[in-house]
Amino acid sequence: MAGTEKVEGQAVTTVTVDEMKARIGTESVSDWVEVTQTMIDRFAEATGDHQFIHVDPVAAAATPFGGTIAHGFLTLSLMPLLSSKVPDAPRIEGAKMGVNYGGNTVRFLTPVRSGSRVRGRFTLLAFDEKRPGQFQQTNAFTVEIEGQDKPAMVAEWISQIFV
């Protein structure tokens, strides 16, 4: 049965493995997060991708984008931040850690302009026990841009959770 536990000083709702399996097909949505130019610049530094459309506002203004845009991989990398911004997101009872396992698909559909706000939409597609104490979770992950109909990105992402 669901309960609560403290994670980094915060009360977090916990669910059993069976309760998580029962959530297949459910959707959750994060709060909005602003993608700032500072965030984009730091990502460029970390990855070495200094293409002008990301880091040069003057040159990027002359492109069809009308300004700088986030790297596609920055958009994908927002998954942990956005998932942490889902109100009342449950955690598996007794989970020791979770790790990225990979993706089945990733598509970048609309550029994220610097200063835009984005949010994550997550749909639990599968939750399977791979071996005792190790579960594989597959989510559809969509990054939505505030005020736009077309999403920035869609992905099917796989995580492994160890209890």
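Residues numbered from 1 in each chain as written. Predicted model: local features only at pLDDT ≥ 70, side-chain atom pairs only at ≥ 80, totals over all residues. Heavy atoms only, no water.

## A word on the overall build of the protein
Going by this rule: Counting from the N terminus, the helices are DSSP H or I runs at least four residues long and the strands are E runs at least two residues long. Summary of the burial criterion: residues with accessible area below 20% of their type's maximum are buried, those above 50% are exposed, and those between are partly exposed, where the area comes from a 1.4 Å probe applied to protein chains only. Contacts were defined at the residue level, with two residues in contact if any of their heavy atoms lie within 4.5 Å. The accessible surface values rely on the Shrake-Rupley method and a 1.4 Å probe; as for residues, cover is taken only from the protein chains in view.
For the protein, the count of helices and strands is 6 helices and 9 strands. Dimensions of the protein along its principal axes, counting C-alpha atoms only, are 55 × 35 × 30 Å. Residue burial in the protein is summarised as follows: out of 163 residues, 39% are buried. Partitioning the intrachain contacts of the protein with sequence separation of at least 6 by distance along the chain shows that 69% fall at a separation of at least 24. In the form shown here, the protein has an accessible surface area of approximately 9100 Å², with 51% of it arising from carbon and sulfur atoms.

## Re the environment of Ala95
Mapped onto the secondary structure, Ala95 falls in the loop between strand 5 (91-92) and strand 6 (97-108). Between the C-alpha atoms of Ala95 and Gly133, which are 38 residues apart in sequence, the distance is 9.0 Å. In this structure, Ala95 is in contact with Ile161, Phe162 and Val163, ignoring residues within four places of it in sequence.

## Examining the packing of aromatic side chains
How we decide: Ring pairs are drawn from Phe, Tyr and Trp, using the six-membered ring of Trp, whenever the two centres fall within 6.5 Å, and their geometry is named by plane angle: stacked under 30 degrees, edge-to-face over 60, tilted for the rest.
Enumeration over the complete set of coordinates arrives at 3 aromatic pairs. Ring geometry for Phe122 and Phe141: centres 4.9 Å apart, planes at 20°, overall stacked. Taken together, the positions of Phe122 in strand 7 (residues 117-131) and Phe141 in strand 8 (residues 134-145) put the pair 19 residues apart, joining distant regions of the chain. The exposure class assigned to Phe122 is buried, which follows from its relative accessible area of 8%. For Phe141, a relative accessible area of 0% translates into the label buried. Ring geometry for Phe127 and Phe135: centres 5.3 Å apart, planes at 10°, overall stacked. Both residues of the pair, Phe127 and Phe135, count as buried.

## Some words on the pattern of salt bridges
Rules: A side-chain nitrogen of Lys or Arg and a carboxyl oxygen of Asp or Glu constitute a salt bridge if their distance falls within 4 Å.
One pass over the structure, following the stated rule, counts 4 salt bridges. Between Glu27 and Arg121 there is a salt bridge, and its shortest N-O distance comes to 2.7 Å. Pair noted here: Glu27 is in strand 3 (residues 27-29) and Arg121 is in strand 7, with a separation of 94 residues, a long-range link. Each of Glu27, Arg119, Arg121 and Glu144 takes part in salt bridges that share partners, so that together they form one network.

## Some remarks on the nonpolar core
Counted only if it meets this: In plain words, nonpolar cores are sets of buried Ala, Val, Leu, Ile, Met, Phe, Trp, Tyr and Cys residues tied together by side-chain atoms within 4.5 Å.
Counting residues in hydrophobic clusters, the biggest one holds 21 residues, and the most contacted among them are Val35, Leu74, Leu82, Val112, Val118, Phe141 and Val143. Elements with a minimum of two residues in this core: helix 2 (37-47), helix 5 (72-77), helix 6 (79-84), strand 7, strand 8 and strand 9 (153-162). Sequence-distant contacts of Val143, defined by excluding residues within four places in its chain, comprise Thr75, Leu82, Val118, Arg119, Pro151, Ala152 and Met153. With 9 residues, the next largest nonpolar core counts Val15, Val17, Ile92 and Phe135 among its residues.

## Remarks on the environment of Leu125
With respect to the element layout, Leu125 can be found in strand 7. Between the C-alpha atoms of Leu125 and Thr26, which are 99 residues apart in sequence, the distance is 8.2 Å. Discounting residues that sit within four places of it in the chain, Leu125 has contacts with Ile24, Thr138, Asn139, Ala140 and Glu156.

## A word on the environment of Glu27
In plain terms, the rule: A 3.5 Å cut-off defines polar contacts: any pair of N or O atoms within that distance qualifies, except that in protein one atom must be a possible hydrogen donor and the other a possible acceptor, and neighbouring residues in sequence count only when both atoms are side-chain atoms.
Assessed through its relative accessible area of 48%, Glu27 is described here as partly exposed. Excluding anything up to four places from it in sequence, Glu27 contacts Arg121, Phe122 and Thr123. Within polar-contact distance, the side chain of Glu27 engages the side chain of Arg121 at 2.7 Å.

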